[in-house]
Amino acid sequence: MRIVVLVSGTGSNLQAVIDAIASGELPNVEIAAVGADKHGTLGVQRCADAGIETFVVNFKDYSERAQWNHALTEKCLSYAPDYVISSGFMRIVNEEFINAFEGTYINTHPALLPSFPGAHGVRDALAYGVKVTGCTVHIADTGVDTGPILRQEAVEVLPGDTEESLHERIKVVERRLLIATLADLAAGKA
Ligand code: GAR
């Protein structure tokens, strides 16, 4: 199973996937390429060490969002992936992209969707005062963190939690769910 992984930030969940492939935990998964929406992400940098192909479709290079979407779609299609994984990719893609990867664009989100979608899922859950939040792996559609849920798990909010401490605990679970989801997809079980 060939995947393209899209990142915008540190790519720690991507690193967990790279490690899982290296350790033989995901024997049928191959990262065809890792792409970012801007230059200088740690996520892309991590790939150099692992010998993984990378690309950037820089959002700021395009005056029209649709042009950026088109370039991203074409670039991802060029790798003929079975799945595209949004792993901390903080851009909304349009219908052209979703149609090109219908049912095969997978997103992870650090909250129990449909609660707290968007760029600040952890911060918003803390601000609301929920006692339990979590993470979700789902098939993405054109909405903001919407689409059929594949896996979801709760994480307790602890007294004194900050956005950082809570997000770190969520990411530990998120990595496990992402790897389990990839194993399911590779086995045709999604
Ligand atoms: C992850 O927690 C992911 O769920 C979140 O960004 C983080 C990326 O971490 N994505 C979203 O909030 C999407 N709405 P990483 O770059 O260290 O893997």
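The model shown is predicted, which means the values in this text are computed figures rather than measured ones.

## Quick notes on the site of the ligand
Looking at the ligand, there are 14 residues lining it, with T10, S12, H167, K171 and E174 nearest. S12 is positioned such that a nitrogen or oxygen atom in its side chain is 2.6 Å from an oxygen atom of the ligand. Here a nitrogen atom of the ligand and a side-chain polar atom of H109 are 3.0 Å apart. When the ligand sits alone it has 450 Å² of accessible area, and the protein chains cover 93% of it. In this structure the site holding the ligand corresponds to the largest pocket. Where the shell around the ligand is concerned, the elements lending two or more residues are α1 (12-22), β5 (105-109) and α6 (163-186). Considered class by class, the residues forming the shell around the ligand number two nonpolar, nine polar and three charged.

## Observations concerning helix α2 (residues 42-50)
For α2, every residue scored as buried is listed here: G43, V44 and C47. With its buried residues spanning 95° around the axis, α2 presents them on a single face. Across α2 from its buried face, at more than 90 degrees, point the exposed residues Q45, A48 and D49. Looking one or two places after α2, you find G51, whose phi comes out positive at around 70°.

## Looking at the UniProt feature "binding site: N(1)-(5-phospho-beta-D-ribosyl)glycinamide" (unreviewed entry) in the chain
UniProt annotation of "binding site: N(1)-(5-phospho-beta-D-ribosyl)glycinamide" (unreviewed entry) refers to G11, S12 and N13 when read in the numbering used here. Set against the largest pocket, the annotated residues that line it come down to G11, S12 and N13. Turning to its location among the elements, G11 is positioned in the loop between β1 (2-7) and α1. Once residues within four sequence positions are removed from consideration, G11 is found in contact with G43 and R46. In this fold, N13 is placed in helix α1. When sequence neighbours within four positions are dropped, the list of residues in contact with N13 reads S87, T108, K171, E174, R175 and L178.

## What about the packing of helix α5 (residues 121-128) against α6?
Between α5 and α6, whose axes approach to 9 Å, the crossing angle comes to 120°. Compared by their axis directions, α5 and α6 come out oblique. In this structure, the crossing between α5 and α6 has a hand that is right-handed. Contacts between α5 and α6 pair V122, R123 and L126 from the former with E163, L166, H167 and I170 from the latter. Each residue belonging to the contact of α5 with α6 can be placed in one class, and the counts come to four nonpolar, one polar and two charged.

## What about the pairing of β5?
Among the five residues in β5, five count as buried, and that is most of the element. The alternating pattern of β5 places Y105, N107 and H109 and I106 and T108 on opposite faces, both of which are buried. In the classification by handedness, the crossover that spans strand β4 (residues 83-86), the intervening helix α4 (residues 95-100) and the parallel β5 is right-handed. Where β5 lies against strand β6 (residues 132-139), four bridges are found, and the strand directions are antiparallel. Residue pairing for β6: I106 is matched across the bridge by I139.

The rules behind these values
Residues numbered from 1 in each chain as written. Predicted model: local features only at pLDDT ≥ 70, side-chain atom pairs only at ≥ 80, totals over all residues. Heavy atoms only, no water. Near = heavy atom within 4 Å. Polar contact = N/O pair within 3.5 Å; in protein donor to acceptor, adjacent residues only side chain to side chain. Areas by Shrake-Rupley, 256 points an atom, 1.4 Å probe, with all protein chains shown as cover. 1 Å grid on protein atoms, 1.4 Å probe; cavity = no way out; pocket = protein on both sides within 12 Å on 5 of 7 lines; lining within 4 Å. Sits in = over half its atoms within 2 Å of the grid points. Helix = DSSP H or I, 4+ residues; strand = E, 2+ residues; numbered from the N terminus. Nonpolar A, V, L, I, M, F, W, Y, C, P; charged D, E, K, R; others polar. Buried < 20%, exposed > 50% of the residue type's maximum accessible area, 1.4 Å probe, protein only. Arc of directions from axis to C-beta. UniProt positions renumbered as here; feature names shortened; annotations may be inferred. Contact = heavy atoms within 4.5 Å. Axes fitted to C-alpha atoms, helices over the stretch in contact; angles between N-to-C directions. Parallel < 35°, antiparallel > 145°, perpendicular 65-115°, else oblique. Left-handed = near helix turned anticlockwise from the far one by under 90°. Right-handed = clockwise from strand over helix to strand, strands pointing away. Pairing = 2+ DSSP bridges.

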